[in-house]
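Structural description and commentary
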Amino acid sequence: MYIGIDLGGTNIAAGVVDETGRIIYKSSVPTLAQRPVEEIVEDMANLCIDVVNGADRQISEIKSIGIGCPGTVDNKNGIVAYACNIRMKNTELGAMLEKRLGKRINLENDANAAALGEYAVNGDDADSFVLITLGTGVGGGVIIDGKPYRGFNCAGGELGHIIINADGEEQCSCGNKGCWEAYASVTALIRQTKQAMQADISSMMHKWVQENGEVSGRTAFDCAKVGDKTAAAVVAQYIRYVGMGLISILNIFQPSKILIGGGISKEGDYLLNPLREYVYAGDYNKYREKTKIAVATLFNDAGIIGAALSAKE
């Protein structure tokens, strides 16, 4: 048995996971991220005890614990070099939790952990596999020969910061301009939707917002499906932005499989069919066996499962 912890800016989720990657029991608590790190670690430790009890197991049955954490993670030494949303800088998170629970701890970047989770369930033993999550930002995890690619300094795989527009006006949170994240995240989609609404006061999207409260990642998709031309143009441009990044990933890794996660992935084939068409149209990909592009299935469980399996390694 293993425990996987998904440490996020909003919630800490944890679960007891068996050898096959099946979650036996899981629970979560608020992160309250502005607190001292020591308090967050104490909550992580207590949550581990809670999920062990909920699974009707003993802590002695837990072989090791994996943590998926945002930011720059030093996997070799169990250190969070920097995580802007949880106020961690050169934090020895692994050692702190190990001291509290007496278990071996493996620390992994959260995107890598999610990729490991999806790979375990949906990877089909692919020799190369990529998970892309479209959310507040664009996250990415690369699995090569069953292991996460971390780079020499454990900062590899930041796929959201591929530059897709060298002359881009959109500022990315990383400080650069033209990053994929600044165009293909749900945050970017909301911005693009608002801009289109300002330019077309007759768009159905205005009524949608009146009925639903605020612009979201669903606004343009929902209105495009019922024939709104302005919304359809937003969706088409957004899919093109997502496709630009995917083409770069294909050309670099030629992975057997790419899974798309995040809330926008729930659009299913309405997103995937035109996205595949755009990606496969380039000559470089046209005459080769196609990388499979599909929707991730684990959603919030991916981080727990992947963190646990990283501890298994």
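Everything below is about the structure printed above this text.
Read on for a plain summary of the structure. (Residues numbered from 1 in each chain as written. Predicted model: local features only at pLDDT ≥ 70, side-chain atom pairs only at ≥ 80, totals over all residues. Heavy atoms only, no water.)

1. A look at the pattern of salt bridges
Once the charged atoms of two side chains with opposite charge are near each other, the side chains can pair. Counted according to the given criterion, the structure contains nine salt bridges. Salt-bridge contacts for Lys 312 lead to Glu 19; the nearest nitrogen and oxygen are separated by 3.3 Å. Of this pair, Lys 312 sits in helix H11 (residues 301–312) while Glu 19 sits in the loop between strand S2 (11–17) and strand S3 (23–30), and the two are 293 residues apart along the sequence. Looking at Glu 19, the relative accessible area reads 35%, which means it is partly exposed. With a closest N to O distance of 2.6 Å, Lys 26 and Asp 301 form a salt bridge. With Lys 26 in strand S3 and Asp 301 in helix H11, the pair connects residues that are 275 residues apart, well separated along the chain. The partly exposed category is assigned to Asp 301, whose relative accessible area is 22%. Taken together, the shared-partner salt bridges connect Glu 19, Lys 63 and Lys 312 into one network. (Salt bridge = Lys/Arg side-chain N within 4 Å of Asp/Glu carboxyl O. Helix = DSSP H or I, 4+ residues; strand = E, 2+ residues; numbered from the N terminus. Buried < 20%, exposed > 50% of the residue type's maximum accessible area, 1.4 Å probe, protein only.)

2. Considering the sheet that holds strand S7 (residues 88–91)
Strand order in the open sheet formed by three strands is S5-S6-S7, with antiparallel pairing between adjacent strands. Where the open sheet ends on each side, the last strands, each with one partner, are strand S5 (72–74) and S7. Strand-to-strand, the axes of this sheet are offset by a mean angle of 15 degrees, without reference to chain direction. As defined by bridge partners, strand S6 (residues 79–83) adjoins S7 across three bridges and the pair is classed as antiparallel. (Pairing = 2+ DSSP bridges. Axes fitted to C-alpha atoms, helices over the stretch in contact; angles between N-to-C directions.)

3. A short note on the environment of Gly 21
As for its position among the elements, Gly 21 is in the loop between S2 and S3. When its relative accessible area of 8% is taken as the criterion, Gly 21 is described as buried. When the C-alpha positions of Gly 21 and Met 1 are compared, they lie 9.6 Å apart, and in sequence the two are 20 residues distant. Those residues within four positions of Gly 21 in sequence are excluded, and the remaining contacts are Ile 305 and Leu 309. (Contact = heavy atoms within 4.5 Å.)

4. Describing the packing of helix H5 (residues 186–199) against helix H8 (residues 229–253)
Following both chains from N to C, one finds H5 and H8 inclined at 150 degrees, their axes separated by 10 Å at the closest point. In this view, H5 runs roughly antiparallel relative to H8, as classed from their interaxial angle. Crossing of H5 over H8 shows right-handed handedness. Taken together, the residues of H8 that come into contact with H5 (itself represented by Val 186, Leu 189, Gln 192, Thr 193 and Ala 196) are Thr 230, Val 234, Tyr 238 and Tyr 241. Of the residues assigned to the contact of H5 with H8, the class counts are six nonpolar, three polar and no charged. (Parallel < 35°, antiparallel > 145°, perpendicular 65-115°, else oblique. Left-handed = near helix turned anticlockwise from the far one by under 90°. Nonpolar A, V, L, I, M, F, W, Y, C, P; charged D, E, K, R; others polar.)

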